[in-house]
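Coordinate analysis (summary)
Residue-level listing of the chains:
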Amino acid sequence: MLTLAAYFTSAPGSISFDASTKKFSDADIAKVQKCSIDNLHMDLSFLEDATPIKAEEFIHRRDRLAQALHTDGVDAFVLEPGYTFQYYGNVSQWDWEPWEPEERPFLMVMQPTVGLDGTVKAKTTYLAPHFEEDRVRMLGIPADSELDIVIWEEHWDPYQTLLEQTFDRREGLVIMTDEEMRDYIVRGLTSAGFHTVGLTPNVDAVRQQKSPAELSLLRAVNTGTVEALRKMRPCLIPGLTENQVMTILDNALLSVPGFGLFFNIVLFDENAALPHGGKATGGKTLTHHTVVLIDVGAHYRGYSSDICRSFLIDPPRGQTPEGVAASDPQFATKQKVFDTVLAAQNASIAHFRPGETAASVDVAARSVIAKQGWEKQFTHRVGHGIGIKAHESPYLHKGNTRVKLREGMTFTSEPGVYLTGRFGVRSEDVFVVTERGSEVRCLSGPRAKGFWEP
């Protein structure tokens, strides 16, 4: 792996750092950037086998949803453009929202239908303003046949139109909506006579349990994000600011074919004691003793990454990590915190098994940290589901005792310890729930081993 020394004709000590302004030249920052990108592009194998979701998988998702609705006695699932629409219809959220929800309802309605052989499949209808009908057809929503679009004119009640043309004015219809549905649409459906209900565990599980194709995409984007961070680290030098490191990492991620930026939090030392930073962070400068905490995510083919690493940069030329540690009076505490956080993550992932509760994952990590006296310094849940959204249900906190994990669910595990005014350490990876007896699979590549091996 390249270090920054390869990008200078003389020793790295000749970098033109202006002590009066505490700034590097643009040319030197460009060398740090090039080092990071060159390192990353030495191996892009994490992109292998990650292909777009095929049209038939979207149709299969709707059929799985219909089966869950039929089991739960629900007449239809109604949604509008957003992440859930993207999951079932491949619309919205690619290059952000090609169809941004507005005041005129555009709805996707999926009903369970039972065939003569007892097979349950989805019947999908779209409610759209008349003048948008052709636009809806141009969206390329996967379907077995021409889209069934119910149109409404601007002077009509769209909810009554849906009831009349899709449900033949039936009474007592139970329809399901999720948290992305705006309140005024729910109220409109209710006023038309629909009885609206929230998600059930069976319906939630359709999206929570990932297919092999989804797992490949999650592996690609999460492993790639870790690799971008890991390959940047040997290029970093004292004097860089949090904001400069953030920009360098952003550009490295953007250099990966198909990757898009999502979020990037870069925190040094006492700033890292704020788990997500704050308004005042960004300008602190890097030293060889600095604990760097980076929480970063990207998008790839509609799926999200969310990983975190805590590390130190490489020692000065001629020194060893042991020498840097010996010159830092806080290092023993830093190392103990780092080891505790990794042990907490180890404890948590042992519970990524079918039948375990969401709470058990959090409790396992929290118990390890509590034994070292830092329970109050672990200030957030241990993790969350992840997929097309970086934060999806189920959420892994000690109060979530009712939700049982199912095979194929994907989660982060991100325990942390934050010592106010000193530093913070967090390590975050992405895992998939697997059957007992098989190895718990990490979707973000090799896990952290130490401050110099993140």
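These numbers come from a predicted model, not from an experiment.

**Here's the deal with helix α5 (residues 158-167)**
- Of all ten residues making up α5, seven are buried, and the element is well covered by its neighbours.
- The complete set of buried residues in α5 reads Pro158, Tyr159, Thr161, Leu162, Leu163, Thr166 and Phe167.
- If you check the start of α5, you find a side-chain oxygen 2.9 Å away from the backbone N of tyrosine 159, and it comes from aspartate 157.
- With its phi angle positive at about 50 degrees, aspartate 168 sits one or two positions after the end of α5.

**Focus: the UniProt feature "domain: Peptidase M24" (unreviewed entry) in the chain**
- Summarizing the sequence annotation, UniProt attributes the feature "domain: Peptidase M24" (unreviewed entry) to residues 218-435 in the numbering used throughout.
- In the segment residues 218-435, helix accounts for 31% and strand for 23%; the C-alpha atoms at its two ends are 19 Å apart.

**Remarks on the nonpolar core**
- Ranked by size, the top nonpolar core spans 72 residues in total, and within it Leu236, Leu240, Phe259 and Ile294 carry the most contacts.
- Tallying contributions element by element places helix α8 (residues 212-232) first for this core, with nine residues.
- A domain split of this core shows at least three residues from each of domain 1 (26-49 + 209-442) and domain 2 (75-199).
- When sequence neighbours within four positions are dropped, the list of residues in contact with phenylalanine 259 reads Phe46, Leu47, Ala220, Val221, Gly224, Thr225, Leu253, Leu254, Ala298, His299 and Tyr300.
- Counting residues in hydrophobic clusters, the runner-up holds 33 residues, among them Val291, Phe331, Val337 and Val433.

**Focus on the pattern of salt bridges**
- Inspection of every chain in the model, using the stated rule, returns 26 salt bridges.
- When the shortest N-O distance is used, the salt bridge between glutamate 133 and arginine 137 registers 3.0 Å. Residue glutamate 133 and its partner arginine 137 are both found in helix α4 (residues 133-137); the two are separated by four residues, about one turn of the helix.
- Arginine 137 sits in the partly exposed class, given a relative accessible area of 31%.
- What emerges from the salt-bridge pattern is a single network uniting Glu102, Glu103, Arg104 and Glu154.

**Quick word on helix α1 (residues 26-40)**
- For α1, with 15 residues, the first-to-last C-alpha span of 21 Å sits near the 21 Å given by 1.5 Å per residue.
- Every buried residue of α1 is accounted for by Asp28, Ile29, Val32, Gln33, Cys35, Ser36, Asn39 and Leu40. Taken down its axis, α1 places every buried residue within 155 degrees of arc, on the same side.
- Elements in contact with the buried residues of α1: α8 and α9 (242-254).

**Looking at the side chain of serine 360**
- Looking at the element boundaries, serine 360 is found in helix α12 (residues 358-371).
- A polar contact of 2.7 Å, which involves the side chain of serine 360, links it to the backbone oxygen of threonine 357.

**Section: the domain arrangement of the chain**
- Domain annotation for the chain reports domain 1 (26-49 + 209-442) and domain 2 (75-199).
- Each of domain 1 and domain 2 was reduced to a C-alpha centroid, and the two centroids are 38 Å apart.
- Across the contact, seven residues belong to domain 1 and five residues belong to domain 2.
- Interface area for domain 1 against domain 2, summed over the two sides, is near 570 Å², with a carbon-plus-sulfur share of 64%.
- Sorting the residues of domain 1 by area buried against domain 2 places Gly302, Ile388 and Lys389 first, and these three jointly supply 67% of that buried surface.

**Here we look at the pairing of strand β16 (residues 429-432)**
- Residue alternation in β16 divides its side chains into two sets, Asp429 and Phe431 and Val430 and Val432, and both sets are buried.
- Summarising the sheet, strand β13 (residues 410-413) and β16 pair through four bridges and their orientation is antiparallel. What sits directly across from threonine 412, in β16, is valine 430.
- With two bridges joining them, β16 and strand β17 (residues 441-442) adopt antiparallel strand pairing. In the sheet register, phenylalanine 431 faces β17, and the bridge partner there is cysteine 442.

**Observations concerning the sheet that holds strand β5 (residues 174-176)**
- Pairing is mixed across the open sheet formed by six strands, whose spatial order is β4-β3-β2-β1-β5-β6. Edge positions in the sheet fall to β4 (148-152) and β6 (195-197), since each of these pairs with one other strand and no more. Between one strand axis and the next, the sheet turns by 30 degrees as a mean value, whatever way the strands run.
- The strands that helix α2 (residues 55-72) touches are β1 (76-79), β2 (107-114), β3 (120-129) and β5; relative to β3, the one it contacts most, it runs at about 105 degrees.
- Across the sheet, α5 touches β1, β2, β3 and β4, and the angle it forms with β4 is around 140 degrees.

**A closer look at the confidence of the model for the chain**
- For the chain, the average pLDDT comes to 93, and 94% of its residues sit at 70 or higher.
- Below a pLDDT of 50 lies the segment residues 9-14, which in the model reaches three contacts outside its immediate sequence neighbourhood of four places, other chains included.

**Regarding the state of the cysteines**
- Tallying each qualifying case throughout the model produces one disulfide.
- Put simply, cysteine 35 and cysteine 235 are joined by a disulfide, and their sulfur atoms are 2.0 Å apart. Because the sign of the S-S torsion sets the handedness, a value of about -70 degrees for the bond joining cysteine 35 and cysteine 235 places this disulfide among the left-handed ones. Taken together, the positions of cysteine 35 in helix α1 and cysteine 235 in the loop between α8 and α9 put the pair 200 residues apart, joining distant regions of the chain. Like cysteine 35, the residue cysteine 235 is buried in the burial classification.
- The closest cysteine sulfur to the non-disulfide-bonded cysteine 308 is located on cysteine 442, 14 Å from its own sulfur.

**A look at unusual backbone geometry**
- Here the bond from serine 393 into proline 394 is cis, since omega is 0 degrees, no more than 30 degrees from zero.
- Relative to the elements of secondary structure, proline 394 occurs in strand β12 (residues 392-396).
- Even without being glycine, aspartate 49 reaches a positive phi, approximately 70 degrees.
- Within the secondary structure layout, aspartate 49 lies in the loop between α1 and α2.
- The backbone phi angle of arginine 169 is positive, close to 60 degrees, even though this residue is not glycine.
- Note on placement: arginine 169 falls in the loop between α5 and β5.

About the cut-offs
Residues numbered from 1 in each chain as written. Predicted model: local features only at pLDDT ≥ 70, side-chain atom pairs only at ≥ 80, totals over all residues. Heavy atoms only, no water. Buried < 20%, exposed > 50% of the residue type's maximum accessible area, 1.4 Å probe, protein only. Helix = DSSP H or I, 4+ residues; strand = E, 2+ residues; numbered from the N terminus. Polar contact = N/O pair within 3.5 Å; in protein donor to acceptor, adjacent residues only side chain to side chain. UniProt positions renumbered as here; feature names shortened; annotations may be inferred. Core = buried A, V, L, I, M, F, W, Y, C linked by side-chain atoms within 4.5 Å. Domains from an automatic or database assignment. Contact = heavy atoms within 4.5 Å. Salt bridge = Lys/Arg side-chain N within 4 Å of Asp/Glu carboxyl O. Expected span 1.5 Å × (residues − 1). Arc of directions from axis to C-beta. Buried area = accessible area lost by both parts, 1.4 Å probe. Pairing = 2+ DSSP bridges. Axes fitted to C-alpha atoms, helices over the stretch in contact; angles between N-to-C directions. pLDDT = per-residue confidence, 0-100. Disulfide = S-S within 2.5 Å.

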